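# Coordinate inspection notes
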Amino acid sequence: MPLIARVHSLPLEPELIERLARFKPALSAKAPSPDATLYVGWFNTKPIAAAWAIGSDDARHLSGFAIHPATMGRDVLAQLASSMRTQENAAGRRVLSSEDYAVLDVAEETGLDK
């Protein structure tokens with residue numbers, strides 16, 4: 001499943017806020033810090049994943065990962081994290097760490113709590 005990661009400016013459009021609220025866990029439309037950048041992963045015309053890049057330009061952290069339940073188990077969040085790192089580095093920002101998103105990116109039928 002090819003994913004296209006896009007940076008989204010705040011405030012978000014109401015329709016996108018509604019779609020992000022369906023993700024697991026629900027993603028807040030409010031920035032966790034003043035230096036935060038929201039990335040949304042799109043497939044065709046639908047948002048399927050999102051996360052925040054936060055921190056100073058020389059020490060960014062990827063966090064707040066969220067995924068649409070229908071796309072779990074397809075390595076969507078790994079693709080999003082990779083694209084975020086690429087875009088952050090291209091913008092001159094250094095990503096030092098990432099929250100563990102793997103538990104969110106497993107197939108829902110495994111019975112794991114998400």
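See the structure above.
The following paragraphs examine the structure supplied in this document. Everything numeric here is computed off the predicted structure, so don't read it as measured data.

### Comments concerning helix α2 (residues 76-90)
Compared with the 21 Å implied by 1.5 Å per residue over 15 residues, the 21 Å span of α2 between its first and last C-alpha is a close match. Where α2 is concerned, the buried positions are Val-76, Leu-77, Leu-80, Ala-81, Ser-83, Met-84 and Glu-88. Mapping the buried residues of α2 onto a view down its axis gives an arc of 170 degrees, with all of them on the same face. Residues Thr-86 and Ala-90 are exposed on α2 and point more than 90 degrees away from its buried face. Just downstream of α2, Gly-92 is the residue with a positive phi angle, here 85 degrees.

### Examining the sheet that holds strand β4 (residues 60-67)
Here 5 strands make up an open sheet; going across it, the order is β1-β2-β3-β4-β5 and the pairing mixed. Strand pairing shows two members of the sheet lacking a second neighbour, β1 (4-8) and β5 (95-98), which therefore form its edges. Across this sheet, the average inter-strand angle for adjacent strands is 30 degrees, counted without regard to direction. With 5 bridges joining them, strand β3 (residues 46-54) and β4 adopt antiparallel strand pairing. Bridge pairing links Trp-52 to Ser-63 in β4.

### Description of the packing of aromatic side chains
Per the counting criterion, the structure on display carries 1 aromatic pair. Considering the side-chain rings of Phe-65 and Tyr-101, the 4.9 Å spacing of their centres and the 45 degrees angle between planes classify their relative orientation as tilted. One end of the pair, Phe-65, is in strand β4; the other, Tyr-101, is in the segment after β5, with 36 residues separating them in the sequence. Residue classification places Tyr-101 among the buried positions, given a relative accessible area of 18%.

### Some words on the pattern of salt bridges
Using the criterion set out here, one finds 4 salt bridges in the structure. With a closest N to O distance of 3.5 Å, Arg-19 and Glu-15 form a salt bridge. Separated by 4 residues within a single helix, Arg-19 and Glu-15 lie in helix α1 (residues 14-20), roughly one turn from each other. Overall, Arg-19 belongs to the partly exposed group, its relative accessible area being 24%. A salt bridge links Arg-22 to Glu-18; its shortest N-O distance comes to 2.9 Å. With relative accessibility at 47%, the residue Arg-22 sits in the partly exposed group. Through salt bridges with shared partners, a single network forms among Arg-60, Glu-88 and Arg-93.

Thresholds applied
- Residues numbered from 1 in each chain as written.
- Predicted model: local features only at pLDDT ≥ 70, side-chain atom pairs only at ≥ 80, totals over all residues.
- Heavy atoms only, no water.
- Helix = DSSP H or I, 4+ residues; strand = E, 2+ residues; numbered from the N terminus.
- Expected span 1.5 Å × (residues − 1).
- Buried < 20%, exposed > 50% of the residue type's maximum accessible area, 1.4 Å probe, protein only.
- Arc of directions from axis to C-beta.
- Pairing = 2+ DSSP bridges.
- Axes fitted to C-alpha atoms, helices over the stretch in contact; angles between N-to-C directions.
- Phe/Tyr/Trp six-rings, centres within 6.5 Å; stacked < 30°, edge-to-face > 60°.
- Salt bridge = Lys/Arg side-chain N within 4 Å of Asp/Glu carboxyl O.

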